[in-house]
Amino acid sequence: METKRTERERKVSEVSKDQREMRQKGDGSPSGDSLTLGMKIQDLSAFYGSFKALTDVSIDVRANKVTALIGPSGCGKSTFIRCLNRMHEVVPGARAEGHVMLGEQDIYAKTSDPVVIRRRIGMVFQKPNPFSKSIYENVAWGARINGYRGNMDELVERSLKHAALWEEVKDRLKESGHGLSGGQQQRLCIARTLAVEPEVILMDEPASALDPVSTQKIEDTMEQLKQEYTVVIVTHNMQQAARISDYTGFFYIESMGDPGRLWEFDETEKMFSNPDRKETEDYVTGRFG
Amino acid sequence: MPRETFQQELDGLTSDLLDLGREVEVSLENMVRAMEGRDADVARQELGVDIRYKTRGMDIERECMILQARQAPVAGDLRLLYTVQSVTNHLVRSGTLCEHICHAIVDTEGCERDEDLETALVEMARTARNVFNEGLDVFENRDIDRARNLQAKDDKVDLLYSEAMNLIANPSGDGGAPEWRMRAALMVHYLERISDHGVDIGGSAVFLVTGQRIEDAMQQYLDRNVDHDGGGA
């Protein structure tokens, strides 16, 4: 029995190797396709003081696609996404090494201004965090401090429409953002992010604190957003990753104390139907742990 | 292990599927025996199995649907449920075809037969049964190498199909009773289909294990051998 299983695993491994060789190219792209690149991350490692939380992550983020990052708690997903717009270094003692290219610009180059980077690469957090201002000001504020000189009313309306919130708030723009439901507040935060016209939107578990209906609205919003933006989302909800993303990266820690690694990265369809690595299969099928 | 209950449900489902497969194997064995011995009584035992197999098949498909709805399976679990549904369909259809053949044997009891055609039919029935049994065994053991070889065994059935059809169209003697010859034409077709179902059941093991359809896996396998041959030259 044991021999038979071992033989079977060998055959599976051989086929998987063939598939990997076919699908993966030397540039670390998921399938070697020629889609437009949104961001290119090379050999990225992240530290909290002397502790290495993440090691050697290389990944091509495709433009106008949704890339989902999944993995068990503590594997470095949120650390990774925070490295993508230099939010990681805000934590005292935290630093990152490696290259994160946004177009031709390495966001970790000495000449790169973190403030400008965070405008170009916006972020939506797990818990909605609207300012204690009106709905209108929540959206307009970021654009205003960035020196936006266009028609602010139009910008607010456009941003709220892109965040699929306009119809629900257009008659109460002067009311406080805190008066909205949790799902509406999260979409308000998305609108706020969109108002500064970023190129990439990072989302760190944006729907984890929301009810199913609000979650669905956020997911529908993402489908719209990728028409104009590149989206990277961290989620613990694997069905959500399967529903909304075009590419999925699985982060994993081999043993306690080790840094997190990007274990497998491919098209979402592949990751949820026939992943190459056993750990990915165990995780997406819930056999992990 | 997490999802232990789900794993038990998957194991139970696979077990139900294999039980159904074993029952169809018994029906096919009886069919062959009835053909070999011109034994209508043995064939009669199989009349009515169609409904039983369809009911069992529906039960398995219902369980697959419930597991998909409740457990949201992905990756290997999803492939297993898809494969179980597909194999169930092949098993039920094979059982139905088996009953059709047994009906034909019962209905033509005592009819005069063309011996050459009957010999070809019996040989075809034995081969189709063997392909079916092997297909089920390949699926049970997930033996993807043997799945690749099943197609070659099915080729023999295809050859016998051509031979039998030729004998029906051009009988060597008087060709036996017209009713028997007409039924023989249908039996030839049914046996060819049973063999095809056996090949597909075995081939589903390739998809289950690798995620590839057997046709794609075969092409990749052949390409690799060509590459190896070229490299060695």
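Fair warning: this is a prediction, and the values are worked out from it, not measured in the lab.

## Regarding the overall build of chain A
Counting its secondary structure elements, chain A contains eleven helices and ten strands. Pairs at least 24 residues apart make up 69% of the contacts formed inside chain A by residues separated by at least 6 positions.

## Concerning the pairing of strand E3 (residues 66-70) of chain A
Every other side chain in a regular strand lies on the same face of the sheet, so the side chains alternate between the two faces. Counting buried positions along E3(A) yields five of five residues, so the element is predominantly enclosed. Residues Val66(A), Ala68(A) and Ile70(A) line one face of E3(A) and the alternating positions Thr67(A) and Leu69(A) line the opposite face, and both faces are buried.

## What to know about the sheet that holds strand E10 (residues 261-267) of chain A
All names here are of chain A. Read from one edge to the other, the open sheet built from six strands follows the order E6-E7-E8-E3-E9-E10, with strand pairing classed as mixed. In the strand order of this sheet, the two ends are held by strand E6 (121-124) and E10, each with one partner. In this sheet, adjacent strand axes meet at a mean angle of 20 degrees when their direction is disregarded. Alignment of strand E9 (residues 247-252) against E10, held across six bridges, turns out to be antiparallel. Bridge pairing links Phe250 to Glu264 in E10. Sitting on the sheet, helix H7 (residues 182-195) is in contact with E6 and strand E7 (200-204), with an inclination near 170 degrees to E6.

## Some points on the sheet that holds strand E5 (residues 105-106) of chain A
Pairing within the open sheet is antiparallel, and its four strands lie in the order E2-E1-E4-E5 (chain A). Only two strands of the sheet have a single neighbouring strand rather than two, namely strand E2 (51-62) and E5 of chain A.

## Some remarks on unusual backbone geometry
Trans is the prevailing form of peptide bonds, just as negative phi is the prevailing case for residues other than glycine. One non-glycine residue, Asn64(A), lies in positive phi territory at about 55 degrees. Mapped onto the secondary structure, Asn64(A) falls in the loop between E2 and E3. A residue is classified by how many C-beta atoms lie within 10 Å of it, and Asn64(A), with 15 of them, is partly exposed. The backbone phi angle of Ala75(B) is positive, close to 50 degrees, even though this residue is not glycine.

## Notes on the pairing of strand E8 (residues 230-234) of chain A
All names here are of chain A. The buried fraction of E8 is high, at five of five residues. By the alternation rule, side chains of E8 split into Thr230, Val232 and Val234 and Val231 and Ile233, which are all buried. Pairing between E3 and E8: four bridges, direction parallel. What sits directly across from Val66, in E8, is Val231. Both E7 and E8 contribute to a ladder of five bridges, which runs parallel. By the bridge assignment, Ile201 is partnered in E8 with Val231. This β-α-β element, E7 to helix H8 (residues 212-225) to E8, shows right-handed connectivity.

## Some points on the confidence of the model for chain A
Residue and element names in this part refer to chain A. On average, residues of chain A score 87 in pLDDT, and 88% of them reach the 70 mark or higher. Low pLDDT, under 50, characterises residues 1-6; the stretch is placed with zero contacts to residues that sit more than four places away or in other chains. Across residues 8-28, where pLDDT falls below 50, the model places 18 contacts with residues more than four positions away in sequence or in other chains.

## A few points about the nonpolar core
In this structure, Ala191(A), Leu202(A), Val231(A) and Val232(A) are the most contacted members of the largest nonpolar core, which totals 74 residues. Of the residues forming this core, the biggest block, six residues, is contributed by H7(A). Setting aside chain neighbours within four positions, we find Ala191(A) in contact with Val139(A), Ser159(A), Leu160(A), His162(A), Ala163(A) and Leu165(A). Val32(B), Ala43(B), Ala120(B) and Leu136(B) belong to the second largest nonpolar core, which has 56 residues in total.

## Looking at the packing of helix H3 (residues 49-71) of chain B against helix H4 (residues 75-107) of chain B
Residues and elements named next belong to chain B. With their axes 9 Å apart at the nearest point, H3 and H4 run at an angle of 175 degrees to one another. In terms of axis orientation, H3 runs roughly antiparallel to H4. Within the contact between the two elements, H3 uses Val49, Asp50, Tyr53, Lys54, Gly57, Ile60, Glu61, Cys64, Leu67 and Gln68 and H4 uses Leu81, Val84, Gln85, Thr88, Leu91, Val92, Gly95, Thr96 and Glu99. Its residues assigned to classes, the contact of H3 with H4 shows nine nonpolar, six polar and four charged.

Rules used in this analysis
Residues numbered from 1 in each chain as written. Chains lettered and ligands numbered in written order. Predicted model: local features only at pLDDT ≥ 70, side-chain atom pairs only at ≥ 80, totals over all residues. Helix = DSSP H or I, 4+ residues; strand = E, 2+ residues; numbered from the N terminus. Contact = placed C-beta atoms within 7 Å. Buried ≥ 20, exposed ≤ 12 C-beta atoms within 10 Å, placed from the backbone. Pairing = 2+ DSSP bridges. Axes fitted to C-alpha atoms, helices over the stretch in contact; angles between N-to-C directions. Right-handed = clockwise from strand over helix to strand, strands pointing away. pLDDT = per-residue confidence, 0-100. Core = buried A, V, L, I, M, F, W, Y, C linked by C-beta atoms within 7 Å. Parallel < 35°, antiparallel > 145°, perpendicular 65-115°, else oblique. Nonpolar A, V, L, I, M, F, W, Y, C, P; charged D, E, K, R; others polar.

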